[in-house]
Amino acid sequence: MTERSLIRRSPLQLAVADAGKRLIPILLHPVRLVPLAFLAVIILGACILMLPISRTGETDDIFTTAMFTAVSSVCVTGLVTVDTATFWTPFGHAVIMGLIQVGGFGIMSLATLLALFVRKTIGLRGQLVAQSETHTLNFGDVKSVLFRVLGIMAFFEAATALVLTVRFWIAYDDDLGTAIWHGIFHAVSAFNNAGFALYSDNLIGFAEDPWIIVPICAAIVAGGLGFPVIIQLLRNPFKMKDWTIHLRLTVFGSLLLLTVGIGLFAFFEWNRPETLGPLSFGGKLLGSLAGGVFPRTAGFNSIDYGAATPETLMITNILMFIGGGSAGTAGGIKITTFLVLGFAIWNEVRGREQVTIAHRSVSSSTQRQALTVALLGVGAVIMGTLLLLMSTDYSLEKVLFETISAFGTVGLSTGITYHLPPTAEWVLMALMFTGRIGSVTVASAIALSSRPRLFNLPEERPIIG
């Protein structure tokens, strides 16, 4: 017997070893691995942003500032506590753009893609993890979907960057290098629905420039549709009879919300001197377009939302909470969730047992999932709003706007983010993280043990309503 085999471990060492053996498989579960991977990248990004090479100034709490920026970047939100244009150096801007790109593509999707390049194959666990982020329906599609997602992102970002670069170079007297850099940064930020800008007033200075606003809006809408929708549209763009329920809900729902958002924004802000009033007719049209598109979780702003009417803020709250398409770069509870619940209510009112959409029935499990996502989202917003009210002196209107913006990973603000105490900043970070990863994923990650029930309990019907 060797000397090492004679050494006996204490009960505490045995307990720790046993706990480790039990915990590692739990943490490596695909659903729980995604939040951990996002958290790891956030911490790494914050550490890099804390370096002197990343920033030009100092704050009282550089750790919280770096963490907030890293969370906002990886969660593709756009809320900031410092001026992005002046506080961070060009190296810091590059780090932020990298975090946005990684967060938008999906950390585990990116890791899986890298594994494909290196090893030419991925295991079952890797496919499960990638599937949980891309919402791929079967294992056989994982590899092809990842490469298609990468190609889609590259195409839209390159096309947007090209238009923006030419405009910055020709119209704003930027040298070619600066124009290229600004074009790439804002293209990445737009397609990934991040809302970060390299200008202190965001896009207010370009409010009447269609060559800036329109390409950015187009990239936002494309990224917000979701990769499955884009892939299906590329396959059957005009054969509507072959469209899936998900495709129909996302496309027509997005068109409806965009139309309503643009129309109501124009109605409430058209002649107000604080927002659209001073602009030309064309500028007002562009401002209305931006007002309907940006709340769909993008976070850019071409007006001062601190000066918007309460009606505009309420409409924006609704758009931010609903968000965009699933498996894309948008946040919110997702438009399919909202519409599935809407159809469920409509069919219940009409006395139908089945929920039908476009001559297809929606399973009860899908309805329960939609209800769970929506209620968890409502709960997160209520809790976040309450915590912000307890830690600040701002009105409910402004706090609610900030909370929904964080949960929906939008990034719009009435201007209070800069002045929040550290406690409130951490609340917003938690909301951004929950909104990006998904309420259900976070809840599943917290529930470390789940066992199927092998029996059914007696059924009883409580009084509803």
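Relevant structure appears above.
Bear in mind the structure is a predicted one, so any value in this text is a computation, not a measurement.

A word on the overall build of the protein chain. A count of helices and strands for the protein chain gives 20 helices and two strands. Expressed as a percentage of the 465 residues in the protein chain, the buried residues total 49%. Contacts in the protein chain between residues at least 24 apart in sequence constitute 69% of all its contacts with a sequence separation of at least 6. Entry remark: accessible area of the protein chain is about 23,100 Å², with carbon and sulfur atoms responsible for 66%.

This part takes up the packing of helix H15 (residues 310-322) against helix H18 (residues 396-407). In contact at an axis separation of 9 Å, H15 and H18 are set at 25 degrees when each is read in the N-to-C sense. Taken together, the axes of H15 and H18 are roughly parallel relative to one another. For the element pair H15 and H18, the recorded crossing hand is left-handed. Residue-level inspection shows Pro310, Leu313, Thr316, Asn317, Met320 and Phe321 of H15 in contact with H18, the latter providing Glu397, Leu400, Phe401, Ile404, Ser405 and Phe407. Split by residue class, the contact of H15 with H18 holds eight nonpolar, three polar and one charged.

Tallied over the full model, the rule gives three salt bridges. Here Glu269 and Arg272 are joined by a salt bridge, their closest N and O atoms 3.1 Å apart. Judged by relative accessible area, which is 21%, Arg272 ranks as partly exposed. The partner of Glu274 in a salt bridge is Arg272, and the shortest N-O contact between them spans 3.3 Å. Several salt bridges converge on common partners, so that one network encompasses Glu269, Arg272 and Glu274.

Taken N-terminus to C-terminus, the directions of helix H4 (residues 62-74) and helix H19 (residues 422-437) make an angle of 20 degrees; their axes are 9 Å apart at the nearest point. In terms of their interaxial angle, H4 and H19 are classed as roughly parallel. Considering only the axes of H4 and H19, their crossing is left-handed. Here Phe63, Thr64, Met67, Phe68, Val71, Ser72 and Val74 of H4 come into contact with H19, specifically with Glu425, Trp426, Leu428, Met429, Met432, Phe433 and Arg436. Across the contact of H4 with H19, the residue classes break down as ten nonpolar, two polar and two charged.

Within the secondary structure layout, Ala358 lies in the loop between strand E1 (355-357) and strand E2 (360-362). Taking C-alpha positions, Ala358 is 9.6 Å from Lys241, a pair spaced 117 residues apart along the chain.

Right, let's talk about the packing of aromatic side chains for a bit. Think of a pair of aromatic rings as described by two things: how far the centres are apart, and how the planes are tilted against each other in angle. Applying the stated criterion to the full structure yields 16 aromatic pairs. Judged by centre distance (6.1 Å) and plane angle (35 degrees), the ring pair of Phe63 and Trp426 falls under tilted. Of the two residues, Phe63 sits in helix H4 while Trp426 sits in helix H19, which places them 363 residues apart along the sequence. Overall, Trp426 belongs to the partly exposed group, its relative accessible area being 37%. Feature note: the residues Phe168, Tyr172, Tyr199 and Phe206 constitute an aromatic cluster, connected by ring pairs.

In this section: H15. End to end, H15 covers 19 Å across 13 residues, agreeing with the expected 18 Å (1.5 Å per residue, within 8%). Those residues of H15 hidden inside the fold are in contact with helix H13 (245-269), helix H14 (281-293), helix H16 (335-349), helix H17 (364-391) and H18. Looking one or two residues past H15, Gly323 carries a phi angle of roughly 80 degrees, positive in sign.

The rules behind these values
Residues numbered from 1 in each chain as written. Predicted model: local features only at pLDDT ≥ 70, side-chain atom pairs only at ≥ 80, totals over all residues. Heavy atoms only, no water. Helix = DSSP H or I, 4+ residues; strand = E, 2+ residues; numbered from the N terminus. Buried < 20%, exposed > 50% of the residue type's maximum accessible area, 1.4 Å probe, protein only. Contact = heavy atoms within 4.5 Å. Areas by Shrake-Rupley, 256 points an atom, 1.4 Å probe, with all protein chains shown as cover. Axes fitted to C-alpha atoms, helices over the stretch in contact; angles between N-to-C directions. Parallel < 35°, antiparallel > 145°, perpendicular 65-115°, else oblique. Left-handed = near helix turned anticlockwise from the far one by under 90°. Nonpolar A, V, L, I, M, F, W, Y, C, P; charged D, E, K, R; others polar. Salt bridge = Lys/Arg side-chain N within 4 Å of Asp/Glu carboxyl O. Phe/Tyr/Trp six-rings, centres within 6.5 Å; stacked < 30°, edge-to-face > 60°. Expected span 1.5 Å × (residues − 1).

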